[in-house]
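Residue-level listing of the chains:
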Amino acid sequence: MLRRPPRSTLFPYTTLFRSSIWNPQIDYFDLEVGRPYYSGKHLVIKPYASVKGGWSKQKFRLNAILSDLDQEASFRTKSWFLGPRGTLDINWLLTHDFRIFLNSSVSLMYQKFKTQDRFISRFYNPLTFTTKFDAKSIQLTPAIDLNPGFGWSTYFDHNNWHVDLYAAYNFVYFFNQNEFLSVDTRGDFMLHGFELSLKLNF
């Protein structure tokens, strides 16, 4: 997960936080070409030549009481990224058509950010001051994908049908995704979740 900014970074004085909302969005794609080969009777290795790209948006909003004043901070970040990706899939074939696998990849992407910070201070109703900061930045972003799991597949009906079932847990880790202007810490972003798949080929 993206680390939240420390309180002293945004509001350096005695602060009562009333609410905070973080809304991240990310879409990415992988284009890959590869060919599997056997290393012995039970080990199947498949390297890929691949490209990774996508888009992301982040919104983070804070509402707090600072020195008896109503303070509101809103942070927005938009970015796109694209770069080469090295991939290696490993399957260890067990007995009775079972297998253990590990799919892994490392990416290094060109990423461009557009950030906007907005601060609203309400002194006395309706006296309100709004401060805005805008910036653009560019970085090289590393990313790591890991997908370990367990599967089973077999042919039936004289090899006319093929069924494949597997369960895996996915990890996708993007480095340095915190580009909010008023935050000094560099936060990383991680996605993870369980995957269950059933394929029927004929």
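You'll find the structure just up there.
From a predicted model like this one, the values you see are computed outputs, not experimental measurements.

1. Some remarks on unusual backbone geometry
- Residues other than glycine seldom take positive phi values, yet His96 does so here, at roughly 60 degrees.
- Residue placement: His96 occurs in the loop between β4 (69–93) and β5 (98–124).
- Residues other than glycine seldom take positive phi values, yet Asn176 does so here, at roughly 55 degrees.
- By the secondary structure assignment, Asn176 is in the loop between β7 (161–174) and β8 (189–201).

2. Things to note about the packing of aromatic side chains
- Per the counting criterion, the structure on display carries 13 aromatic pairs.
- An angle of 80 degrees between the planes, with centres 6.3 Å apart, marks the rings of Trp22 and Phe189 as edge-to-face. Of this pair, Trp22 sits in strand β1 (residues 15–34) while Phe189 sits in strand β8, and the two are 167 residues apart along the sequence.
- Using a relative accessible area of 16% as the deciding quantity, one classes Trp22 as buried.
- The buried category is assigned to Phe189, whose relative accessible area is 9%.
- On the numbers, 6.1 Å between centres and 50 degrees between planes, the contact of Phe29 with Trp55 is tilted. Residue Phe29 is located in strand β1, and its partner Trp55 is located in strand β3 (residues 43–66); the two are separated by 26 residues in the primary sequence.
- The class of Phe29 is partly exposed, set by a relative accessible area of 30%.
- Here the aromatic cluster, defined as three or more aromatic residues joined through ring pairs, consists of Tyr28, Phe81 and Phe174.

3. Thoughts on a nonpolar patch on the surface
- Residues Leu88, Ile90, Leu102, Val106, Ile144, Leu146, Leu165, Tyr169, Phe171, Phe194, Leu196 and Leu198 make up a contiguous nonpolar surface patch of about 1100 Å² in total accessible area.
- Elements that contribute at least two residues to the nonpolar patch include exactly β4, β5, β6 (127–156), β7 and β8.
- One can find Leu196 in strand β8.
- A relative accessible area of 62% means that Leu196 is categorised as exposed.

4. Some points on the pattern of salt bridges
- In the structure shown here, the tally under the stated rule is five salt bridges.
- With a shortest N-O distance of 3.3 Å, Asp145 and Lys52 are connected by a salt bridge. Residue Asp145 is found in strand β6, and its partner Lys52 is found in strand β3; the two are separated by 93 residues along the sequence. Judged on exposure class, the residue Asp145 and its partner Lys52 are both buried.
- Notably, a salt bridge pairs Arg99 with Asp164, separated by 3.0 Å at the nearest N-O pair. Of this pair, Arg99 sits in strand β5 while Asp164 sits in strand β7, placing them 65 residues apart in sequence.
- Through salt bridges with shared partners, a single network forms among Asp30, Glu32, Lys52, Arg85 and Asp145.

5. Some words on the nonpolar core
- Ranked by internal contacts, the top residues of the largest apolar core, which has 13 residues, are Phe60, Leu62, Ala73, Phe75, Met109 and Phe174.
- For this core, the elements supplying multiple residues, two or more each, are β3, β4, β5 and β7.
- Per-element tally for this core: the top contributor is β4, with three residues.

6. Focus on the side chain of Arg85
- Tracing the backbone shows Arg85 in strand β4.
- Within polar-contact distance, the side chain of Arg85 engages the side chain of Glu32 at 2.9 Å.
- Looking at Arg85, its side chain comes within polar contact range of the side chain of Thr87, at 3.3 Å.
- Beyond its immediate stretch of four places on either side in the chain, Arg85 contacts Asp30, Glu32, Tyr48, Ala49, Ser50, Val51, Lys52, Ser105, Val106, Ser107 and Asp145.

Calculation rules
Residues numbered from 1 in each chain as written. Predicted model: local features only at pLDDT ≥ 70, side-chain atom pairs only at ≥ 80, totals over all residues. Heavy atoms only, no water. Helix = DSSP H or I, 4+ residues; strand = E, 2+ residues; numbered from the N terminus. Phe/Tyr/Trp six-rings, centres within 6.5 Å; stacked < 30°, edge-to-face > 60°. Buried < 20%, exposed > 50% of the residue type's maximum accessible area, 1.4 Å probe, protein only. Patch = residues over 30% accessible without salt bridge, like charges linked within 9 Å, V, L, I, M, F, W, Y side chains within 5 Å. Areas by Shrake-Rupley, 256 points an atom, 1.4 Å probe, with all protein chains shown as cover. Salt bridge = Lys/Arg side-chain N within 4 Å of Asp/Glu carboxyl O. Core = buried A, V, L, I, M, F, W, Y, C linked by side-chain atoms within 4.5 Å. Polar contact = N/O pair within 3.5 Å; in protein donor to acceptor, adjacent residues only side chain to side chain. Contact = heavy atoms within 4.5 Å.

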